[in-house]
Amino acid sequence: MIRRLLIFLFFFSYHFLYAQKFTELALTPPMGWNSWNCFECDVHEQLIREIADAMIASGMKDAGYEYIVIDDCWQVDRDKDGFIVADPQRFPSGIKALADYVHDKGLKFGLYSCAGQMTCAKRPGSRGHEFQDAIMYARWGVDYLKYDWCNTEGQTAQESYSLMRDALYATGRPVVFSLCEWGLNKPWEWAAGVGHLWRTTGDIRNNWDIPDAKEGKVWAGGVIINLDMQQGLEKYAGPGHWNDPDMLQVGNGVLTESENRAHFSLWCMLAAPLMAGNDLRTMTPAVRDLLTNREVIAVNQDSLGKQGYKIRDDGEFEIFYKLLSGRNLAICLFNRHDTEFKVTIDWKTLQIKETCRIRDLWKHEYCGDTGRNFTVTIPAHDVIMLKLEKAE
Ligand code: GLA
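A short tour of the structure in this document, coming up. (Residues numbered from 1 in each chain as written. Predicted model: local features only at pLDDT ≥ 70, side-chain atom pairs only at ≥ 80, totals over all residues. Heavy atoms only, no water.)

### A closer look at the pairing of strand S7 (residues 176-180)
And step 1. Across the five residues that make up S7, a large majority, five, are buried.
And step 2. Residue alternation in S7 divides its side chains into two sets, Val176, Ser178 and Cys180 and Phe177 and Leu179, and both sets are buried.
And step 3. Bridge count between strand S6 (residues 144-148) and S7: five bridges; the pairing is parallel. Bridge pairing in S7 links Asp148 to Cys180.
And step 4. Pairing of S7 with strand S8 (residues 197-199), which is carried by two bridges, proceeds in the parallel orientation. Across the sheet, the residue bridging to Leu179 is Trp198, located in S8. (Buried < 20%, exposed > 50% of the residue type's maximum accessible area, 1.4 Å probe, protein only. Helix = DSSP H or I, 4+ residues; strand = E, 2+ residues; numbered from the N terminus. Pairing = 2+ DSSP bridges.)

### Things to note about the packing of helix H3 (residues 45-57) against helix H5 (residues 95-104)
And step 1. Across the interface, H3 lies against H5 with an axial gap of 10 Å and an inter-helix angle of 10 degrees. In this view, H3 runs roughly parallel relative to H5, as classed from their interaxial angle. Within the contact between the two elements, H3 uses Glu45, Ile48, Arg49, Ala52 and Asp53 and H5 uses Leu98, Tyr101 and Val102.
And step 2. Residue composition of the contact of H3 with H5, grouped by class: five nonpolar, no polar and three charged. (Axes fitted to C-alpha atoms, helices over the stretch in contact; angles between N-to-C directions. Parallel < 35°, antiparallel > 145°, perpendicular 65-115°, else oblique. Contact = heavy atoms within 4.5 Å. Nonpolar A, V, L, I, M, F, W, Y, C, P; charged D, E, K, R; others polar.)

### Quick notes on the sheet that holds strand S5 (residues 108-114)
And step 1. Pairing is parallel across the open sheet formed by eight strands, whose spatial order is S11-S8-S7-S6-S5-S2-S1-S12. Since the sheet does not close on itself, it has two edges, and those belong to strand S11 (242-244) and strand S12 (274-276), each with one partner. Shown here is a sheet whose adjacent strand axes are inclined to one another by a mean of 25 degrees, direction ignored.
And step 2. Contacts from H3 reach strand S1 (31-34) and strand S2 (67-69) within the one sheet, and its direction differs from that of S2 by about 155 degrees.
And step 3. Its contacts with the sheet place H5 against S2 and S5, and it is angled at close to 140 degrees to S5.

### A few points about the side chain of Gln230
And step 1. Along the chain, the position of Gln230 falls in the loop between helix H8 (223-228) and S11.
And step 2. Under the relative-accessibility criterion, Gln230 is labelled buried at 2%.
And step 3. Within the local environment of Gln230, its side chain forms a polar contact with the backbone oxygen of Asn226, the two atoms lying 2.7 Å apart.
And step 4. The contact partners of Gln230, leaving out residues within four places of it in the chain, are Thr200, Thr201, Asn243, Pro245, Leu270 and Gln307. (Polar contact = N/O pair within 3.5 Å; in protein donor to acceptor, adjacent residues only side chain to side chain.)

### Points about the environment of Leu168
And step 1. Mapped onto the elements, Leu168 comes out in helix H7 (residues 157-171).
And step 2. Overall, Leu168 belongs to the buried group, its relative accessible area being 4%.
And step 3. Along the backbone, Leu168 and Lys61 are 107 residues apart, and their C-alpha atoms lie at a distance of 26 Å.
And step 4. Leaving out residues up to four positions away in the same chain, Leu168 has contacts with Phe22, Ala134, Tyr137, Leu145, Arg173, Val175 and Phe177.

### Considering unusual backbone geometry
And step 1. For Asn151, which is not glycine, the phi dihedral falls at a positive 55 degrees.
And step 2. Mapped onto the elements of the fold, Asn151 is located in the loop between S6 and H7.
And step 3. We classify Asn151 as partly exposed; its relative accessible area is 27%.
And step 4. With a phi angle near 65 degrees, Gln351 is a residue other than glycine that sits in the positive phi range.
And step 5. Taking the relative accessible area as the measure of exposure, Gln351 reaches 56% and is therefore exposed.

Structure representation (structure tokens):
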């Protein structure tokens, strides 16, 4: 009887102590950089150091970008005791030294693993080694873990992600936990207590609107394919738990300047994590200015933590709406046409009855108020992003 009671108490206290995530992290959407969109498996320590340097030199850090995350392919093996081993050729100084380098710059450091036996690039995954991996990450000084869903046959997403959450929590080192199961098991319905962000789509492609067809349905694709999959998910996001329509393709050489601006603005409207995915060392001034527009970033990072959503859908013209703190609003006028589009907005039709000052967040200037109609021409595949400021 006593033995049973002790066993019960052990499991009860274990659950009580460890079955939770770190709650004070990612109170606004995480901002940083991830290696995958630009470098895929071609990652090595010199690259990561140079990216950290560029994060500072470009003004990205000052604009709020914080995490430097190495995606797949940093890991090659497990040692005889089962601990994960980083690629000794590509990371000769070891992960700890690299994390120290990133930390010395005032930035935070992240890694990638996978809930399955192998990662998507067929490197060792964490299955069966969750606690060992979490201990290793804590020793190295990892602040962010992206956790993928390849090679997970027979596993249940909620259980697998909860197990890793518990392993991370048990080490005591606060880690932002980024779930990457592509929205297959509707993580928005169960992951708020498990992680800080969860992917809602398959992989974003480096294009504007080309869908990826999988099993007869759209799995993911270019920017607006992923965008369209966010509608209706807004109620699940909030401080500490965000929908993630995937990392940015801004500056990766395919999207036009208009498309880059639209992509970035819409991700800010969605309160999406802002993980840059381009080569920060060689980006053009135009891309840098775009990624560091503080007025647009402020919409993403607003402390209220509301995800914006589409309030008008006129086919190729759409209006997105995001509630901000201080009774303010962000409005994004989005032109999906392949040609420029002239539009007149009657604010009353958007239920905006109070007179607000209108601030253009890309032009950085005030442009009237909502007391009268607003007429503007939007270039093809571009946005006008506005903040409506209510009088106190
Ligand atoms: C999956 C993820 C991507 C990336 C790759 C790495 O496809 O969704 O974001 O991490 O794996 O192999």
